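Coordinate inspection notes
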Amino acid sequence: MTATAKALARNLERIRQLAMALPEATEEVTWGTDINFRVRKKIFAFPGQGGSLTVKADREELPALLGDARFRPAPYLARGGWVLMDLTTAPVDWAEIDELIRTSYSLIAPKKLSAQLSVA
């Protein structure tokens, strides 16, 4: 299953909606064309061009994620517990994407901000 430009654009927009709904989330473009989502200047997600998603994973969930064929250690960031998820090989589970983004956010954000997620 190959992703069309329209499908990638839809994925990117959906990821943007999930990420930007989080407290104090901002979107930046760095390194020329790389979109990333940040909280207080710290990156919590890289959506690529809509065909992948790179997030920081909970250390306890890491083995299970890496056991899934859609995931691999993120280039340059794997040592820090980051994973890259391929969004083009299977139907996208948006509840799973939301959970991955929220987990990454809560691992990166200051405690006061990530505490707002569990209240919401």
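To start, this report covers the structure provided alongside it. (Residues numbered from 1 in each chain as written. Predicted model: local features only at pLDDT ≥ 70, side-chain atom pairs only at ≥ 80, totals over all residues. Heavy atoms only, no water.)

Some remarks on the nonpolar core
One recurring pattern in soluble globular proteins: nonpolar side chains tend to sit buried together. Definition in use: Residues enter a nonpolar core if they are buried and are Ala, Val, Leu, Ile, Met, Phe, Trp, Tyr or Cys, with the set joined through side-chain atoms within 4.5 Å. Categorising residues by exposure relies on relative accessible area from a 1.4 Å probe, with only protein chains included: less than 20% of the type maximum marks a residue as buried, more than 50% marks it as exposed, and the intermediate range marks it as partly exposed. A run of H or I in DSSP becomes a helix once it reaches four residues, and a run of E becomes a strand once it reaches two; helices and strands are each numbered from the N terminus. Every residue pair with non-hydrogen atoms within 4.5 Å of one another is taken to be in contact.
In this structure, Ile15, Phe44, Leu53, Ile97, Ile101 and Tyr105 are the most contacted members of the largest nonpolar core, which totals 33 residues. Taken together, the elements giving at least two residues each to this core come down to helix H1 (5-20), strand S2 (34-39), strand S3 (42-46), strand S4 (52-56), helix H2 (62-66), strand S6 (82-86), helix H3 (94-108) and helix H4 (111-119). If you tally residues by element for this core, the top one is H3, at 6 residues. Look past the residues within four positions of Ile15 in its chain and what remains in contact with it is Phe37, Pro47, Ser52, Leu53, Leu87, Trp94, Ile97 and Ile101.

So, the packing of aromatic side chains
Here is the rule: Pairs were defined over the aromatic rings of Phe, Tyr and Trp, the Trp ring being its six-membered one, requiring ring centres within 6.5 Å. Orientation was assigned from the angle between planes: stacked under 30 degrees, edge-to-face over 60, tilted for the rest.
For the coordinates displayed, the defined rule picks out 2 aromatic pairs. Both rings, one in Phe44 and one in Tyr105, keep their centres 5.2 Å apart while their planes meet at 90°; by these two values the pair is edge-to-face. Highlighted residues: Phe44 in strand S3 and Tyr105 in helix H3, separated in sequence by 61 residues. Judged by its relative accessible area of 0%, Tyr105 is buried.

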